[in-house]
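# Understanding the architecture of this molecule
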Amino acid sequence: MPVSGVRLNLLGQDRESMEAFFTDLGEPAYRAHQVMKWLYHLGVRDVHCMTNLSKALRTRLADTTEIAVPEAASDQVSADGTRKWLFALEDGNCVETVFIPDGDRGTLCVSSQVGCPLDCAFCVTAQQGFNRNLSAAEIVAQVWLANERLGADTADGLWPGVNDSRLITNVVFMGMGEPLLNVDNVVRATRLLMDDLGFGLSKRRVTLSTAGVVPALDRLASLTDISLAVSLHAVSDELRSRLVPINRKYPIRELLEACRRFIAKDRRRRITFEYIMLAGLNDGDEDARRLARLLRGIPAKINLIPFNPYPGAPYHASPSRRIDEFREVLIAAGLMTITRKPRGQDIDAACGQLAGRVRARVPRRAQAPVVELHA
Ligand code: SAH
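Here we summarise the structure given alongside this text. Think of each chain on its own: its residues are numbered from 1, step by step along the sequence as written. Residues qualify for local features only when their pLDDT is at least 70, as the model is predicted, and side-chain atom pairs are given and counted only at 80 or more; totals for whole chains, interfaces and linings, by contrast, use all residues. The basis for the side-chain values is all heavy atoms of the structure; hydrogens and waters are excluded.

### A word on the site of the ligand
- To be near a molecule or strand, a residue needs just one of its heavy atoms within 4 Å of it. Contacts to the ligand come from 20 residues, most closely from Ser209, Ser231, His233, Asn308 and Gly352.
- Between N or O atoms, a polar contact is any pair within 3.5 Å; within protein, one atom must be a potential hydrogen donor and the other a potential acceptor, and residues adjacent in sequence are included only when both atoms are from side chains. Between the ligand and Gly177 there is a distance of 3.0 Å, counted from a nitrogen atom to a backbone nitrogen or oxygen.
- Glu178 is positioned such that a nitrogen or oxygen atom in its side chain is 3.1 Å from a nitrogen atom of the ligand.
- Each accessible area is a Shrake-Rupley estimate made with a 1.4 Å probe; only the visible protein chains count as cover when residues are assessed. Within the complex, the protein chains bury 96% of what would otherwise be the 530 Å² of accessible surface of the ligand.
- Note on conventions: DSSP H or I runs of at least 4 residues are helices, E runs of at least 2 residues are strands, and numbering of each starts at the N terminus. Where the shell around the ligand is concerned, the elements lending two or more residues are strand E10 (206-210), strand E12 (271-277) and strand E13 (300-306).
- Amino acids are sorted into nonpolar (Ala, Val, Leu, Ile, Met, Phe, Trp, Tyr, Cys and Pro), charged (Asp, Glu, Lys and Arg) and polar (every other residue, Gly among them). Within the shell around the ligand, the residues separate by chemical class into 10 nonpolar, 8 polar and 2 charged.

### Side note on the environment of Thr23
- Within the secondary structure layout, Thr23 lies in helix H1 (residues 15-24).
- Thr23 sits in the partly exposed class, given a relative accessible area of 47%.
- Looking at Thr23, its side chain comes within polar contact range of the main-chain oxygen of Glu19, at 2.5 Å. A simple rule labels every residue: compare its accessible area, found with a 1.4 Å probe on the protein chains alone, to the largest value its type can have, and call it buried under 20%, exposed over 50%, or partly exposed in between.

### Remarks on empty space enclosed by the protein
- Using only the protein atoms, space was sampled on a 1 Å grid; points where a 1.4 Å probe fits but cannot get out form cavities, open sets with protein on both sides within 12 Å along at least five of seven lines form pockets, and lining residues are those with an atom within 4 Å of a point. Grid points are joined across faces, edges and corners, and a volume is the space filled by probe spheres set on the points. Within the structure shown, the criterion is met by 2 cavities of 30 Å³ or more.
- One number sums up the size of the largest cavity: a volume of about 500 Å³.
- Around the largest cavity, the lining is made up of 30 residues, and of these Phe122, Cys123, Met174, Ser231 and Gly352 lie nearest the centre.
- Elements with a contribution of two residues or more to the lining of the largest cavity: helix H4 (124-127), E10, E12 and E13.
- In terms of lining residues, the second largest cavity is bounded by Val143, Asn147, Pro160, Gly161, Val162, Arg166, Ile168, Val171, Phe199 and Leu201.
- Tallied by class, the residues present in the lining of the second largest cavity amount to 7 nonpolar, 2 polar and 1 charged.

### Side note on the layout of surface pockets
- In this structure, the largest pocket encloses a volume near 1100 Å³.
- What lines the largest pocket is a set of 39 residues, among which Arg105, Thr107, Val172, Asn303 and Arg340 lie closest to the centre.
- By residue number, the principal contributor to the lining of the largest pocket is E13, which donates 5 residues.
- A class-by-class count of the residues in the lining of the largest pocket yields 17 nonpolar, 11 polar and 11 charged.
- Volume-wise, the second largest pocket comes out at about 310 Å³.
- Together, 19 residues line the second largest pocket, and Asn9, Ala68, Ser135, Ala137 and Glu138 are the ones closest to its centre.
- For the lining of the second largest pocket, the leading source of residues is helix H5 (residues 136-152), giving 4 residues.
- Grouping the constituent residues of the lining of the second largest pocket by class yields 9 nonpolar, 4 polar and 6 charged.

Below, the structure is given as structure tokens:
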């Protein structure tokens, strides 16, 4: 054991910290690359099996490091093939991770926090309260475990590689939590997702979704160029502040200005705006026209999300005809717009249905006002 008694978790260390670790051991930096390949390209988590390392180094790693992955407390498959895991963390909290297969595409929806402090009015995660941020390792572990589980169920039962055989083609931070309130760990995790020695995903295939923590959005832009989705959901501050309370601190205008700054570096990119369709609240033609006006000048695409109901929900989903008509208005205004297909509703795996098991330290509505949140 190291002097501190704390083992270094090799999972979740990005390339730089892995190299630094091996250099400190007096090993060449390429040892870090060898270990990363075992971990992420081959799915090997037992250092004794890393046969291109000397026996002495393997013993040393076994004595001083760990490769910690959570247990799956549950594993459910929906009638539509969507799969949801509840991963048990060391401290007794659980977070949910969802895999959504769609033709050649396989999207993994990961959690960034245990619960969520934002208290959005329509989201089940909010009702769980908030406990803590996930570490980079806990975020990466969701991808690692999902990949292992998906591979185990294929014909050859092998770890899906990071080339043509990959099953997870996209990762979205749309699970439990607000990723921009945990920006350092999220960015560290995304580095591993995008590293060739990690999961090797392109920046277009890693998407962070935010309710709009403006200062953290600027920080994100300075750290990484992953894809961005913004949960807009309303076109007036009056309604948005009710639905997404962080709007009281960062109103629509400020949020959209931050979006413009985010995109300014790379005009080829687009921001996805998520817009949940709530019957009679935000789904009128006038809302659609106002939305188009608000987004003028921002390279955008719009994702209309049919509201996923849950017991006791104070809202209703817009009828599908209304959603179609709303979309038509946006398309006529020149905005690329799609309607998100609800997936995995029968196992509560759809947007806004992720509850996990949160030992809430900050229960809903008893928490400090949103304006006190630090980005
Ligand atoms: N906190 C981040 C990411 C998590 S939510 C964010 O707000 O973007 C992922 C998406 O699901 C968000 O757009 C969120 O607003 C949406 N969502 C939440 N509850 C929902 C529900 N009941 N039905 C449909 N979408 C929902």
